[in-house]
Amino acid sequence: MPDTLPPRPVIRQLDESAINRIAAGEVVERPASAVKELVENALDAGARRISVDYVDGGKTLIRVTDDGCGMGPDDLPLALTRHATSKIDGSDLLAIHTFGFRGEALPSLGAVGRLSITSRCEGGAGAVIAVAGGRAEAVRPAPARNGTVVELRDLFFATPARLKFLRSDRAEAQAIADAIRRLAMAEPTVGFTLTDAGSARVIFRTDPEPGDFFDALAGRLGRILGPDFVTNALPVDIARDDLRLSGYAALPTYSRGSGTQQFLFVNGRPVLDRMLTGALRAAYMDVLSRDRHAAAVLGITCDPQLVDVNVHPAKTEVRFRDPAAARALIVSGLRQVLAGAGHRASSTVGTETLEAFTPEPPRVYQMDRPSQPVLTRSTAWQAPLGFAEAPSARVEEAVAADETLPLGAARGQVHGNYIIAQTARGMVIVDQHAAHERLVYERLKTQRDAAGVAAQALLIPDIVELSPPDAAQLLDMAEDLARLGLTVEAFGPGAVAVRETPAILGRVDAAALLRDILDELAEGDSTTLQARMDAILSRMACHGSVRSGRQMRAEEMNALLREMEATPRSGQCNHGRPTYVELALHDIERLFGRR
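Reading the values: the criteria
- Residues numbered from 1 in each chain as written.
- Predicted model: local features only at pLDDT ≥ 70, side-chain atom pairs only at ≥ 80, totals over all residues.
- Heavy atoms only, no water.
- Helix = DSSP H or I, 4+ residues; strand = E, 2+ residues; numbered from the N terminus.
- Buried < 20%, exposed > 50% of the residue type's maximum accessible area, 1.4 Å probe, protein only.
- Contact = heavy atoms within 4.5 Å.
- Areas by Shrake-Rupley, 256 points an atom, 1.4 Å probe, with all protein chains shown as cover.
- pLDDT = per-residue confidence, 0-100.
- Salt bridge = Lys/Arg side-chain N within 4 Å of Asp/Glu carboxyl O.
- Patch = residues over 30% accessible without salt bridge, like charges linked within 9 Å, V, L, I, M, F, W, Y side chains within 5 Å.
- Lys, Arg positive; Asp, Glu negative; His and termini not counted.
- Charge placed at Lys NZ, Arg CZ, Asp CG, Glu CD.
- Pairing = 2+ DSSP bridges.
- Axes fitted to C-alpha atoms, helices over the stretch in contact; angles between N-to-C directions.
- Parallel < 35°, antiparallel > 145°, perpendicular 65-115°, else oblique.
- Left-handed = near helix turned anticlockwise from the far one by under 90°.
- Nonpolar A, V, L, I, M, F, W, Y, C, P; charged D, E, K, R; others polar.
- Phe/Tyr/Trp six-rings, centres within 6.5 Å; stacked < 30°, edge-to-face > 60°.
- Lys NZ or Arg CZ within 6 Å of the ring centre and 35° of its normal.
- Expected span 1.5 Å × (residues − 1).
- Core = buried A, V, L, I, M, F, W, Y, C linked by side-chain atoms within 4.5 Å.

*Asks:* Describe the overall build of the chain, and please don't skip the residues or the numbers.
*Replies:* Counting secondary structure elements, the chain contains 18 helices and 24 strands. Across the 595 residues of the chain, 47% fall into the buried class. In the chain, the proportion of contacts linking residues at least 24 apart, taken out of those at least 6 apart, comes to 69%. Of the roughly 30,700 Å² that the chain leaves accessible, carbon and sulfur atoms contribute 54%.

In structure tokens, the structure reads:
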């Protein structure tokens, strides 16, 4: 083989067209990315109404029309020049008060598609400029209203390889709709219209919302997420140091199977930030099981100097100067709001219960209808009253209890687990085990935070046989467990002696309790000691709560209802399930045809 070196690579300057196509690969991932950039430009221009039209999922046409401040003929060529922008002067890249600031979107779109911009500013003349594949035409006069119309045709025609990575028209259209809804939540006082121009079908439309921030946001969320979200959401408005958290967070019993109803904003900008999402999950960790997700629309507002939005090409991630402060604001703020909701549970629980009570009418065919003689003989053979199977229910004699209280007065117990209470508005059904489990859990946390959980010494220690690794894990945490009222000591290889248990639990099965704690340590995803201790207390509470099947006297049932009313977060158990269901009297009357 000849001993020759490969030619040395030569550094060369790329032309402007190639640079713009590379930038487009970062900024414009799909049609929804283009829509997001163009709508953000319209919002930065002060638009009060924005219309978006698309064809074929945005692959063939995207048109964004706004009534913002517009541009003059001299501004249009500059708008298509990279890093030309009216939003910053370049002296301070942290002083950003707008959605856009890089000046990359329009030249990038013009490099990969056929772009035209028609614009007119107040008191000026209308003008249009067009660019295709990076080649711009001269500015021409054009009739136009105040504002701007940006039309993008044949996206990625100049880079056809990118088309192979796009999804179906339907999937791309859905992504566009999701982007518009996020921006509509960020700007509730701006009207948005989204239309599939190919079928002339309006996909989404919302007018500017009136009122203050919370009224406008509630109205907007009701139109996007539905009235159930607004009904079951708590307003959030908490300020700490230089950060402010505002928006709406849903009750734990309104949880979802995925995180599709979690929307986070920083200074009005929609973000998909793992740190913020993790903080939201941590805030609900105490009231939701691991397979459920909170529903929330929350925004953090702060001085732009405290957050860097220039850390992601699509600006969907941010970096706080003090990320611990932002996380603490979300976690502690939301926990405070949820605790303030008291015993309140989601209204959808009662609706779902009523739907379960309403059976579908069976189909009855003429051949299946019994004749009158058959009905007469059937009636004669029916069992007389008193010989039917005894129901699994127990009615208590009325005791002094105020039905005007939120959870009313206990009237009975059914199936050894459900308390029936009468209220001024209807009735309440309480799951006694789930409710008492939450009450015990809250008591344990209160004791722990005050002076440690009160412990009761066992006359004879319980010896629990475990595997050597499990025993070692418990003994490593012996000091932390002692603060929770559980004292364990080594008792030979693979065994521990339980000398004290939390007094609030009464008599407990020590072996079952230790195994539950080990399960929590193995399965739990808690990273902080506080969260791990809370999870262990939750397991303990299950052992000390009223068991299913236990008969309760009227005084006990009413005492449970009163304690629920006074205890934060008692509307859901430790796993996020509702502890009670409320049925309004008019809904019950409707079930029986009285309304």
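*Asks:* An account of the confidence of the model for the chain is requested, with residue identities and associated values reported.
*Replies:* Averaged over all residues, the pLDDT of the chain equals 84, while 84% of them reach at least 70. Per-residue pLDDT stays below 50 along residues 362-368; that stretch engages in one contact with residues further than four places along the chain or on separate chains. Contacts of residues 377-390 to residues separated by more than four positions or lying in other chains number zero contacts, the stretch itself having pLDDT below 50.

*Asks:* Provide a residue-level description of the pattern of salt bridges, including the pertinent values.
*Replies:* One pass over the full model with this rule turns up 29 salt bridges. Between Arg-438 and Glu-442 there is a salt bridge, and its shortest N-O distance comes to 2.6 Å. Separated by four residues within a single helix, Arg-438 and Glu-442 lie in helix α12 (residues 432-450), roughly one turn from each other. For the residue pair Arg-438 and Glu-442, the accessibility class agrees, reading buried in each case. Among the ionic pairs, Glu-442 bridges to Lys-445, the shortest N-O distance being 3.5 Å.

*Asks:* Please provide a residue-by-residue account of a negative patch on the surface, values included.
*Replies:* A contiguous patch of negative charge on the surface is contributed by Asp-241, Asp-242, Asp-303 and Asp-322. Structurally, the position occupied by Asp-242 is in the loop between β10 (233-240) and β11 (243-250).

*Asks:* Tell me what's going on with the sheet that holds strand β23 (residues 495-502), and back it up with residues and numbers.
*Replies:* Judged by pairing direction, the sheet is antiparallel, and its three strands sit side by side in the order β21-β23-β22 without closing on themselves. This sheet does not close on itself; its edge strands, each paired only once, are β21 (455-465) and β22 (487-490). Strand-to-strand twist of the sheet, defined as the mean angle between neighbouring strand axes without regard to direction, takes the value 20°. Across seven bridges, β21 lies against β23 in antiparallel orientation. Looking across to β23, one finds that Ala-455 is bridged to Pro-502. The strands touched by helix α13 (residues 468-476) within the sheet are β22 and β23, with β22 carrying the most contacts at an inclination of about 130°.

*Asks:* I'd like a rundown of the sheet that holds strand β14 (residues 296-302), residues and numbers included.
*Replies:* Sheet strands pair via backbone hydrogen bonds, and the direction of the pair is either parallel or antiparallel. An order of β10-β11-β14-β12-β13 is seen for the five strands of this open sheet, with the pairing classed as mixed. Because the sheet does not close on itself, it has two edges, and the strands there are β10 and β13 (269-271). On average, each strand axis in the sheet is tilted by 20° relative to the strand beside it, whichever way the strands run. Bridge count between β11 and β14: seven bridges; the pairing is antiparallel. The residue of β14 that forms the bridge with Ala-249 is Ala-296.

*Asks:* Please provide a residue-by-residue account of the packing of helix α5 (residues 169-186) against helix α6 (residues 213-224), values included.
*Replies:* In contact at an axis separation of 9 Å, α5 and α6 are set at 160° when each is read in the N-to-C sense. Overall, the two elements α5 and α6 adopt an arrangement that is roughly antiparallel. Along this stretch, α5 crosses α6, giving a crossing that reads as left-handed. Residues Arg-181, Ala-184 and Met-185 of α5 form the contact with α6, whose own contacting residues are Leu-217, Arg-220, Leu-221 and Ile-224. When the residues that make up the contact of α5 with α6 are grouped by side-chain class, the tally is five nonpolar, no polar and two charged.

*Asks:* Give me the lowdown on the pairing of strand β9 (residues 201-206), citing residues and values where you can.
*Replies:* The pairing of strand β8 (residues 191-196) with β9 spans five bridges and is antiparallel. Across the sheet, residue Asp-196 finds its bridge partner in β9, namely Arg-201. Linkage of β8 to β9, two consecutive antiparallel strands, is achieved through a turn of four residues, within which Ala-200 is found at a positive phi near 55°.

*Asks:* Can you explain the packing of aromatic side chains? Please cite residues and give values.
*Replies:* A full pass over the atoms with the stated rule returns three aromatic pairs. Taking the centre distance of 5.9 Å and the plane angle of 80° together, the rings of Phe-214 and Tyr-248 count as edge-to-face. Highlighted residues: Phe-214 in helix α6 and Tyr-248 in strand β11, separated in sequence by 34 residues. We note that Phe-214, like Tyr-248, is buried. Taken together, the aromatic side chains of Phe-213, Phe-214 and Tyr-248 make up a single cluster linked through ring pairs. A cation sits over an aromatic face here: Arg-114 above Phe-157, 3.8 Å from the ring centre. Arg-256 extends its terminal NZ or CZ atom over the ring of Tyr-254, reaching a point 4.5 Å from the ring centre.

*Asks:* Help me get a handle on helix α2 (residues 31-44), residues and values and all.
*Replies:* Taking 1.5 Å as the rise per residue, α2 with 14 residues should run 20 Å; its terminal C-alpha atoms sit 20 Å apart, in good agreement. In terms of residue burial, α2 counts as a mostly covered element, since twelve of its 14 residues are buried. All of the buried residues in α2 are Pro-31, Ala-32, Ser-33, Ala-34, Val-35, Lys-36, Glu-37, Leu-38, Val-39, Glu-40, Ala-42 and Leu-43.

*Asks:* Can you lay out the side chain of His-433 for me, pointing to particular residues and giving the numbers?
*Replies:* Along the polypeptide, His-433 turns up in helix α12. Given the relative accessible area of 15%, His-433 is considered buried.

*Asks:* Can you tell me about the nonpolar core, naming the residues and giving the values?
*Replies:* Counting 60 residues, the largest nonpolar core has Val-39, Ile-50, Leu-115, Ile-117, Ile-180, Phe-192 and Phe-229 as its most contacted members. At nine residues, the largest contribution of residues to this core is made by α5. Each residue touching Leu-115, except ones within four places of it in the same chain, is listed here: Leu-80, Leu-106, Leu-109, Gly-110, Ile-129, Ala-130, Val-131, Val-150, Glu-151 and Leu-152. Judged by nonpolar contacts, the second largest core, of 36 residues, contains Leu-288, Val-307, Phe-320 and Val-331.

*Asks:* Which residues make up the environment of Gly-68, and what are the values?
*Replies:* Residue placement: Gly-68 occurs in the loop between β2 (61-66) and α3 (75-79). When its relative accessible area of 10% is taken as the criterion, Gly-68 is described as buried. Spatially, the C-alpha atom of Gly-68 lies 7.0 Å from that of Arg-48, the residues being 20 residues apart in sequence.

*Asks:* Describe the environment of Gly-426, with residues and values.
*Replies:* For Gly-426, the position within the fold is in strand β20 (residues 426-431). With relative accessibility at 13%, the residue Gly-426 sits in the buried group. In sequence terms Gly-426 and Glu-403 are 23 residues apart; their C-alpha atoms lie 9.6 Å from each other. Filtering out sequence-adjacent residues up to four positions away, Gly-426 remains in contact with Ala-421, Leu-583, Ala-584 and Leu-585.

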